[in-house]
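Close look at the chain arrangement
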Amino acid sequence: KLSVSWAVSGAPFVPRLDWLSQLRLRAAYGASGQQPGATDALSFFTASTAIAEGFESPGIALSTLGNVDLKPERSTEFEGGIDWTLLDGRVITEVTYYNKSSKDALVERILPPSVGTGAEDRFENLGEIRNWGWEWLITAQPVQLETFGWDFTVNGSHNSNEIVDLGRVSS
């Protein structure tokens, strides 16, 4: 993770404005991963007894269907924003944009009964998922007296999720 923040209003070359208390730009970039479970890639067998031609014989049956091609999910995210404070701290505004991409997304896939195992599902890596959006916050204090104060906050957001690539989908 890497993040930076710059208080623009504190720079010596920025003119001082009476109504602007602080102006800050910020940005961050990070990457992370999600490992599949320790045994998600492994197939397991169960001991069983089979009756053939009237005799019992030892045997094994596939009980879980692993995925040897399973790999970690990787996510990267960028976030940027601007914060400003006005009128000696009586109005505070924050606006943030974010954009996250997850590749090789770990998805629990339901298996059809015709596979012939007792397993109902297995994990697979599927394509790429993108999540992006905006968040904003405004906090204001229109009344500030010695014994009474009135504060209010308004916030909102917009979020979009998109399947960018389904990857190789086996049947």
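In what follows, the structure referred to is the one given above.
In this report, we go over the structure that sits alongside the text. Source: prediction; values computed, not measured.

**A look at a nonpolar patch on the surface**
Taken together, Ile138, Leu145, Phe148, Trp150, Phe152 and Val154 make up a surface patch of nonpolar side chains, about 580 Å² in accessible area. The leading source of residues in the nonpolar patch is strand S8 (residues 149-165), at three residues.

**Re the sheet that holds strand S2 (residues 20-34)**
Pairing is antiparallel across the open sheet formed by six strands, whose spatial order is S1-S2-S5-S6-S7-S8. Since the sheet does not close on itself, it has two edges, and those belong to strand S1 (2-7) and S8, each with one partner. Each adjacent strand pair in this sheet contributes to an overall mean axis angle of 10°, direction not counted.

**Focus: the environment of Thr76**
Its place among the elements puts Thr76 in strand S5 (residues 73-86). The exposure class assigned to Thr76 is partly exposed, which follows from its relative accessible area of 28%. Note: C-alpha distance between Thr76 and Arg90 (14 residues apart in sequence) is 36 Å. Setting aside residues up to four positions removed in sequence, Thr76 forms contacts with Tyr29, Gly30, Ala31, Asn99, Lys100 and Ser101.

**A few points about the pattern of salt bridges**
By the definition in use, this model includes six salt bridges. Note that Glu79 is salt-bridged to Arg26, the shortest N-O span being 3.9 Å. Highlighted residues: Glu79 in strand S5 and Arg26 in strand S2, separated in sequence by 53 residues. Of the residues examined, Glu79 reaches a relative accessible area of 32% and is grouped as partly exposed. In the salt-bridge network here, residues are joined through shared partners; they are Arg26, Glu79 and Asp83.

Each value, and the rule that gives it
- Residues numbered from 1 in each chain as written.
- Predicted model: local features only at pLDDT ≥ 70, side-chain atom pairs only at ≥ 80, totals over all residues.
- Heavy atoms only, no water.
- Patch = residues over 30% accessible without salt bridge, like charges linked within 9 Å, V, L, I, M, F, W, Y side chains within 5 Å.
- Areas by Shrake-Rupley, 256 points an atom, 1.4 Å probe, with all protein chains shown as cover.
- Salt bridge = Lys/Arg side-chain N within 4 Å of Asp/Glu carboxyl O.
- Helix = DSSP H or I, 4+ residues; strand = E, 2+ residues; numbered from the N terminus.
- Pairing = 2+ DSSP bridges.
- Axes fitted to C-alpha atoms, helices over the stretch in contact; angles between N-to-C directions.
- Buried < 20%, exposed > 50% of the residue type's maximum accessible area, 1.4 Å probe, protein only.
- Contact = heavy atoms within 4.5 Å.

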